[in-house]
Number of protein chains: 6
Amino acid sequence: MPYVELNLTVGATKEQKAQLVEGITDLLVKVLNKNPSSTQIVIKEVPVDSWGIAGRSVKSLRKEGDTAFISKQ
Amino acid sequence: MPYVELNLTVGATKEQKAQLVEGITDLLVKVLNKNPSSTQIVIKEVPVDSWGIAGRSVKSLRKEGDTAFISKQ
Amino acid sequence: MPYVELNLTVGATKEQKAQLVEGITDLLVKVLNKNPSSTQIVIKEVPVDSWGIAGRSVKSLRKEGDTAFISKQ
Amino acid sequence: MPYVELNLTVGATKEQKAQLVEGITDLLVKVLNKNPSSTQIVIKEVPVDSWGIAGRSVKSLRKEGDTAFISKQ
Amino acid sequence: MPYVELNLTVGATKEQKAQLVEGITDLLVKVLNKNPSSTQIVIKEVPVDSWGIAGRSVKSLRKEGDTAFISKQ
Amino acid sequence: MPYVELNLTVGATKEQKAQLVEGITDLLVKVLNKNPSSTQIVIKEVPVDSWGIAGRSVKSLRKEGDTAFISKQ
C-alpha cells in the first residue's frame, strides 16, 4: 500500500503513463513517507462512449464542443 | 461527485450505455439533488470468462443453461 | 452481475439509499434485461475532506461557496 | 455479496481464471459461510505498462530484471 | 500486483479477515506463481443498508427472511 | 474525468489529504492537460487489519517490525 487507481478516458501515451506513475509515487513518498516498493499505481482506460458526465457521454459532449465541464482530451 | 461505476458483462450497445448514463444521472439529481455537471458515470465491461458467480464463470453457466442466479445476457 | 458501485459524499438517508438501489436496479432490468436477483448495488460514502475536485476538497469548496463544479450537498 | 475484484496484469489463462473463481468462492463459503449464488468474483486484466510499482511500470521492471518487489509473470 | 479488493457486508472478525488474506494470497501464488510480497488484499466492509440486491437492501431482505439470493450473514 | 481513487491505510491528516488532492490534480493537468474542474480525487482509508500483504495483515507485519515490503506508516 498505497494502491492508486487512475481512471482515464483512452488516449494517454506510454510516456505520459510513466510520468503519472513516477509523479504520484514521488508525491506519496514525500507527503506520507510511503515505501515506494509497496506503492502500486494502476491506470484503467475507459472508452469515451462509456464515460458519462451531466447525463451524456464524453464522446457526444466533445463532438458537440460542449466541454465546459469535461476535459477536451 | 457522485462517481458511479457500472460493472457489466460485455455486450451493451452504445444506445443502451447512453440510456444508463442518462437514467442514473437523472435519478441522482432527483433523489439527492446532485449537480449533473459533477456527476460521473463510468461503464466497465468485463468478458464473460472473467466474471464468476457460484464458483463458475458466467460463460460456462450460460453455456449449460444454468442461469437461475445470473443474467441470461 | 451487474455490480454497481455508487461513490457519494456522506449524507444520504436510508430512504434515499433505498430509492437509489431500487431505481438503478429497475433501470438495469428495463434497459439490459438483467436478472434483478444477480444485480448488486453498493453505496460507498466518502467524507467531504476526502473528496477533491479542481484540486481542493469538497469541504473547503462548499465552505467558500465555490460550488459551480460540485454538488451543494 | 460478496463482490471480489481481482486486478491482475494481463496473461492469466481461462483455466487459471476458473481456478481463481472457484478457489475464492470456496474460501468465502468456508470462512464466512457466504451463499455461493450471491458471491461474485470479477477479474480485471491490466496491461503491464499501465501498472506501476516503485515509480516504474511492471513492463520496464521486468525488462531490466528488477523483480524483487514484483511478480515475474 | 495483484491487488484484490473484497467487498463484504460488515461483520467479519479479525481472525476471519486474516484467513481470507492468507487463503487468497496462497491461491494466487499457487495458481499464477505471483510474488506474495507484491500481492495486496484489501477488505472493504459495507453497511447492510448500503448493499442492494434484487432492488432492496440486504438489511430489509434479511429482516424479512427473504434470503434465497443473498448470504444470511 | 479523470477519477482517481487513493486507497491508503488509515492515518493521513487533513493537511496531507489536501496536499495529495492538489498534487495529483496538478500532475494530471500538467501531463495530460486535463480540466481540473472535472478531475475528481477520492481518498479511501482502510483499517490496518483489513489490508494484507504477503499473506498477513499490515497490522501484524508492523507489530513484528517485518516492514521490508510495506510502508512503516
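What you see is a predicted model, and the numbers here were worked out from it, not measured in a lab.

## Describing the relation of the copies chain A and chain F
Next, step 1: Structural alignment of chain A on chain F gives an RMSD of 0.0 Å, achieved by rotating through 180° and translating 0.0 Å along the axis. Taken together, the rotation angle and the small translation identify this as a two-fold axis. Taking the C-alpha atom as reference, chain A places Glu5 of chain A closest to the rotation axis, 2.6 Å from it.
Next, step 2: A shared interface surface links the copies, since 100% of the contact residues of chain A are contact residues in chain F too.

## Focus on the UniProt feature "active site" (unreviewed entry) in chain A
Next, step 1: Under the UniProt annotation, "active site" (unreviewed entry) lies at Pro2 of chain A.
Next, step 2: Of note, Pro2 of chain A is situated in the segment before β1 (3–9).
Next, step 3: What makes Pro2 of chain A buried here is its relative accessible area of 0%.
Next, step 4: With sequence-adjacent residues up to four places away left out, Pro2 of chain A is seen in contact with Leu28, Lys34, Ser38, Thr39 and Gln40 of chain A together with Asn7, Leu8, Trp51 and Ser71 of chain F.

## Considering helix α1 (residues 14–32) of chain B
Next, step 1: With 19 residues, α1 of chain B should cover 27 Å at 1.5 Å per step; its first-to-last C-alpha distance of 27 Å lies within 8% of that length.
Next, step 2: Listed as buried for α1 of chain B are Gln16, Lys17, Leu20, Val21, Ile24, Thr25, Leu27, Leu28, Val31 and Leu32 of chain B. Angularly, the buried residues of α1 of chain B cover 160° about the axis, an arc narrow enough to put them on a single face. The exposed set on the far side of α1 of chain B, more than 90 degrees from its buried face, consists of Glu15 and Lys30 of chain B.
Next, step 3: Among the structural elements, β3 (51–53) and β4 (56–57) of chain A, β1 (3–9) and β2 (40–46) of chain B together with β1 (3–9) and α1 (14–32) of chain C are those in contact with the buried residues of α1 of chain B.
Next, step 4: Looking one or two residues past α1 of chain B, Asn33 of chain B carries a phi angle of roughly 55°, positive in sign.

Thresholds applied
Residues numbered from 1 in each chain as written. Chains lettered and ligands numbered in written order. Predicted model: local features only at pLDDT ≥ 70, side-chain atom pairs only at ≥ 80, totals over all residues. Heavy atoms only, no water. Least-squares fit on C-alpha atoms with pLDDT ≥ 70 in both. Contact = heavy atoms within 4.5 Å. UniProt positions renumbered as here; feature names shortened; annotations may be inferred. Helix = DSSP H or I, 4+ residues; strand = E, 2+ residues; numbered from the N terminus. Buried < 20%, exposed > 50% of the residue type's maximum accessible area, 1.4 Å probe, protein only. Expected span 1.5 Å × (residues − 1). Arc of directions from axis to C-beta.

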